[in-house]
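This is what each chain is made of:
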Amino acid sequence: MAALKMRENLATGTLTLEPATGARLGNLAFGLMWLVMLAVLLLPSVSGKTIDWINVILVLVFALVPFTSAFLAALVSASIVIDRTSRSLARVRRFVFVPLSTTTYSFNELDKIELQGYRPPSQNARVAEMWLVNAVMRDGKRIQLNRQGTEEEMQQLAQKVSNLTGVRWEEVGVQFPTAIKTVLEKIAPEQMKELEQTLADKLGAPIGESEPAEMPMSTATTVMNEPASALESVQPTAPLADSVHALATSALEKRVAENAMDSDARYALARKVHANGQVDRAIGLYQETLRIDPTNSEAQNDLGVALQSRGKRAEAEAAYRRAIALDPFSFTAHLNLALLLSALNRGAEASQEFYQTRKNARGNEETRLAEAASTGTKMPPRLSKV
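As the structure is a computational prediction, the values presented were derived from the model and not from experiment. (Residues numbered from 1 in each chain as written. Predicted model: local features only at pLDDT ≥ 70, side-chain atom pairs only at ≥ 80, totals over all residues. Heavy atoms only, no water.)

Caption draft 1: Summary view of the packing of helix 8 (residues 279–292) against helix 9 (residues 297–309). One way to put it is that helix 8 packs onto helix 9 with a least axis distance of 9 Å and a crossing angle of 150 degrees. Taken together, the axes of helix 8 and helix 9 lie roughly antiparallel to each other. With respect to the hand of their crossing, helix 8 and helix 9 are arranged in left-handed fashion. For the pair helix 8 and helix 9, the contacting residues are Val279, Ile283, Tyr286, Gln287, Thr289 and Leu290 in the first and Ala299, Gln300, Asp302, Leu303, Ala306, Leu307 and Ser309 in the second. Broken down by class, the residue content of the contact of helix 8 with helix 9 amounts to 8 nonpolar, 4 polar and 1 charged. (Axes fitted to C-alpha atoms, helices over the stretch in contact; angles between N-to-C directions. Helix = DSSP H or I, 4+ residues; strand = E, 2+ residues; numbered from the N terminus. Parallel < 35°, antiparallel > 145°, perpendicular 65-115°, else oblique. Left-handed = near helix turned anticlockwise from the far one by under 90°. Contact = heavy atoms within 4.5 Å. Nonpolar A, V, L, I, M, F, W, Y, C, P; charged D, E, K, R; others polar.)

Next up, the structure:
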């Protein structure tokens, strides 16, 4: 990352974003440069018998502000700590190594992760791409997570933070400050529209509009111990247009036939046939997917759902446990295993899994679901989100 360095602890589910050393050293060097300039400019005014106070004041007004700002930027830093275990995002300010203040936000206060930026209108443009990742709170407040990275770096960061917090991320174009936009719309609405359209054409992104980077899929499946025919009613919501899961069944069948190693197409096809009630074929496709990509925790969880609907509880339990081994922070796999263990009257093990489910819950919906399941509410096993 250009402006921040990132440290991730997979064991604790913690992501820390800290100021890059290079940027802080640059600010320190800039501050020293202004210090030298300040000394050079002040020397003639204080070296004589009398001090030229007017010149001293002018020099201080001119040089002291950038000098102070540069040193403060080098010595005072702000880091972001995203903790999946405590479900919190904390902004920590430090003076060198001494903590000054810590502001903590719950994941429930987050509305979205915003990737904001623009591309130059052509490859020959002098203006480089600029990107900024913000955490947007429900009250509209924005917390800057990083800036100045490449588009790919910033997309990866936005996706990583989205996975940790459980809130969506979306890419937005250049936006006017709300206050300025409100004034312009009132005093010159036509000019405002023309300006927005001009910027949108040049920057390649609509002003103030955004597209969701991911869309959840319905995870409703057959109720535990219900016949597999109940799966016929499962209708997933439409995923992203550029996702393999958005392809028609015929297109997926063609991809699977043409490429024996296309695990993504096999997994997407398995989800399609699973939703249409073809459970046995879905099991086979899930297993093929996992032979190609043994690290696919979502496919492992969905295999468990399919096996459970066929009454193969021992095999389903093994699948859920493998999914958890691949992704210890999976809400869905822990929930499915907890429900299965509860149905098998293995209360102590189920309690441990319900506890982990509550810890892994992201967002209000998953929190309510975890609480309901742990208090005995009957519910079906859930497919993974794609």
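Caption draft 2: Region of the structure containing the environment of phenylalanine 331. Here phenylalanine 331 lies in helix 11 (residues 331–343). C-alpha of phenylalanine 331 to C-alpha of glutamate 366: the two residues are 35 residues apart in sequence and 8.0 Å apart in space. Leaving out residues up to four positions away in the same chain, phenylalanine 331 has contacts with Thr357, Asn360, Ala361, Glu366, Leu369 and Ala370.

Caption draft 3: Seen up close, the nonpolar core. Ranked by size, the top nonpolar core spans 40 residues in total, and within it Tyr286 and Leu335 carry the most contacts. If you list the elements that add at least two residues to this core, you get helix 6 (249–258), helix 7 (263–275), helix 8, helix 9, helix 10 (313–326), helix 11, helix 12 (347–360) and helix 13 (363–374). The leading source of residues in this core is helix 11, at 8 residues. Sequence-distant contacts of tyrosine 286, defined by excluding residues within four places in its chain, comprise Tyr267, Ala270, Arg271, His274, Ala299, Asp302, Leu303, Ala306 and Leu383. Counting 23 residues, the second largest nonpolar core, distinct from the first, contains Leu110, Ala135, Leu157 and Val167. (Core = buried A, V, L, I, M, F, W, Y, C linked by side-chain atoms within 4.5 Å. Buried < 20%, exposed > 50% of the residue type's maximum accessible area, 1.4 Å probe, protein only.)

Caption draft 4: Region of interest: the packing of aromatic side chains. This structure, assessed with the given rule, holds 1 aromatic pair. For the ring pair tyrosine 267 and tyrosine 286, a centre distance of 6.3 Å and an interplane angle of 50 degrees mean the geometry is tilted. A residue pair is termed long-range when its members are at least 10 positions apart, and tyrosine 267 in helix 7 and tyrosine 286 in helix 8 qualify at 19 residues. In this structure, tyrosine 267 and tyrosine 286 share a single accessibility class: buried. (Phe/Tyr/Trp six-rings, centres within 6.5 Å; stacked < 30°, edge-to-face > 60°.)

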